[in-house]
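Here is what each chain is made of, one letter per residue.
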Amino acid sequence: YYTGAGKIGVAVSDEPTGQFKDSGKPLIDWKPEGINRGAEIDPDVFQDPVSGKYYLYWGNGYAAVAELNEDMISIKRETLKTFSLPYFREGLYVFYRKGIYYILYSENDTRSEDYRVRYAISKSPTGPIEIPGNNLILSKVTKDGIYGTGHNSVLRIPEKDEWHIVYHRFSRPDGIKMGRAAGYHREVCIDKMEFDENGRILPVKPTI
């Protein structure tokens with residue numbers, strides 16, 4: 001699943017390393033009803049471990065989700081939902097832990113030093129959405145020269161309750177000197193992600 005020309009495409013292969021064959025048409029090249037902003041980018045596919053169903057999340061300026069059909073290259077349009085997330089810009093990523101669905105997303109523009117990650121939670125893959133207090137979990141650390149921390153994914157260590165957030169940020173140490181071009185001169189980072197006793201995500205400490 002990929003973004004091209006502000007649309008979401010999909011390609012398939014018999015092997016994880018390819019060759020991949022494009023479906024021949026965009027999977028998402030339209031805006032949901034009532035949406036007149038943003039772009040159709042940043043696809044994230046999530047398999048619900050409870051139901052086994054697959055969902056596609058996407059959006060820029062708006063957030064959307066729909067269930068994928070069994071062919072995995074089309075969606076069930078009747079399941080389409082949009083939802084509101086405070087400060088949402090792009091980069092939806094969904095994972096499940098101990099009965100909670102976590103929806104992580106990026107605030108601001110990738111070219112901003114304040115590009116950063118917030119999150120929401122839900123009891124289902126499609127909402128309703130709950131916004132925890134202090135939902136900002138990843139942001140710049142000026143004293144360490146860390147800026148533009150956003151657009152993440154999440155890794156779980158198999159068979160363990162150990163989690164890591166993967167994200168990009170301005171390349172160090174010169175990225176911050178590039179102005180808005182810094183958003184395209186990035187380094188990819190992995191840091192530990194932890195939870196409190198209520199399942200809330202604790203603020204992540206970016207490392208060098």
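Residues numbered from 1 in each chain as written. Predicted model: local features only at pLDDT ≥ 70, side-chain atom pairs only at ≥ 80, totals over all residues. Heavy atoms only, no water.

K.L.:
How would you summarise unusual backbone geometry if you had to cite specific residues and measurements?
P.N.:
Residue Q19 is bonded to the preceding G18 through a cis peptide linkage, with omega at 5°. The topology assignment puts Q19 in the loop between β3 (11-12) and β4 (21-22). The step from R172 to P173 runs through a cis peptide bond, and the omega angle for that step is 0°. Topologically, P173 is positioned in the loop between β15 (163-170) and β16 (186-193). Unusually for a residue other than glycine, M72 sits at a positive phi of about 65°. Assignment of secondary structure puts M72 in the loop between β7 (63-67) and β8 (81-83). (Helix = DSSP H or I, 4+ residues; strand = E, 2+ residues; numbered from the N terminus.)

K.L.:
So what about the pattern of salt bridges? Which residues, and what values?
P.N.:
Applying the stated criterion to the full structure yields 16 salt bridges. Residues K76 and E67 are paired through a salt bridge, measuring 3.0 Å at the closest nitrogen-oxygen approach. On the basis of relative accessibility, which here comes to 26%, the residue K76 falls in the partly exposed class. The salt bridge partner of R116 is E107, with a shortest N-O separation of 2.9 Å. The network of salt bridges with common partners includes R89, D109, R111 and R180. (Salt bridge = Lys/Arg side-chain N within 4 Å of Asp/Glu carboxyl O. Buried < 20%, exposed > 50% of the residue type's maximum accessible area, 1.4 Å probe, protein only.)

K.L.:
Help me get a handle on the nonpolar core, residues and values and all.
P.N.:
Among the nonpolar cores identified, the biggest contains 19 residues, and F95, Y102, L104, M193 and I201 are the most heavily contacted of them. Taken together, the elements giving at least two residues each to this core come down to β9 (90-97), β10 (100-107), β11 (116-122), β13 (136-138), β15 and β16. In this structure, Y102 is in contact with Y93, V94, F95, R97, Y119, A120, I121, F195, G199 and I201, ignoring residues within four places of it in sequence. Counting residues in hydrophobic clusters, the runner-up holds 14 residues, among them L85, F88, L92 and Y105. (Core = buried A, V, L, I, M, F, W, Y, C linked by side-chain atoms within 4.5 Å. Contact = heavy atoms within 4.5 Å.)

K.L.:
How would you summarise the sheet that holds strand β14 (residues 150-156) if you had to cite specific residues and measurements?
P.N.:
Pairing is antiparallel in the open sheet, where three strands are placed in the order β14-β15-β16. Edge strands, defined here as strands with exactly one partner in the open sheet, are β14 and β16. Averaged over all pairs of adjacent strands, the angle between strand axes in this sheet comes to 25°, irrespective of strand direction. The pairing of β15 with β16 spans eight bridges and is antiparallel. In the sheet register, W163 faces β16, and the bridge partner there is M193. (Pairing = 2+ DSSP bridges. Axes fitted to C-alpha atoms, helices over the stretch in contact; angles between N-to-C directions.)

K.L.:
Please give an account of the side chain of E107 that cites residues and values.
P.N.:
Its location among the elements puts E107 in strand β10. By relative accessible area, E107 is classed as buried at 6%. Within the structure, E107 has its side chain in polar contact with the side chain of R118 (distance 2.7 Å). Setting aside its immediate chain neighbours within four residues, E107 contacts Y87, R89, D114, Y115, R116 and R118. (Polar contact = N/O pair within 3.5 Å; in protein donor to acceptor, adjacent residues only side chain to side chain.)

K.L.:
Pulling in residues and values, what's your account of the environment of Y184?
P.N.:
Within the secondary structure, Y184 sits in the loop between β15 and β16. For Y184, a relative accessible area of 52% corresponds to the exposed category. Separated by 16 residues in the primary sequence, Y184 and H168 have C-alpha atoms spaced 10.0 Å apart. When residues no more than four places from it in sequence are discounted, the contact partners of Y184 are T110 and R111.

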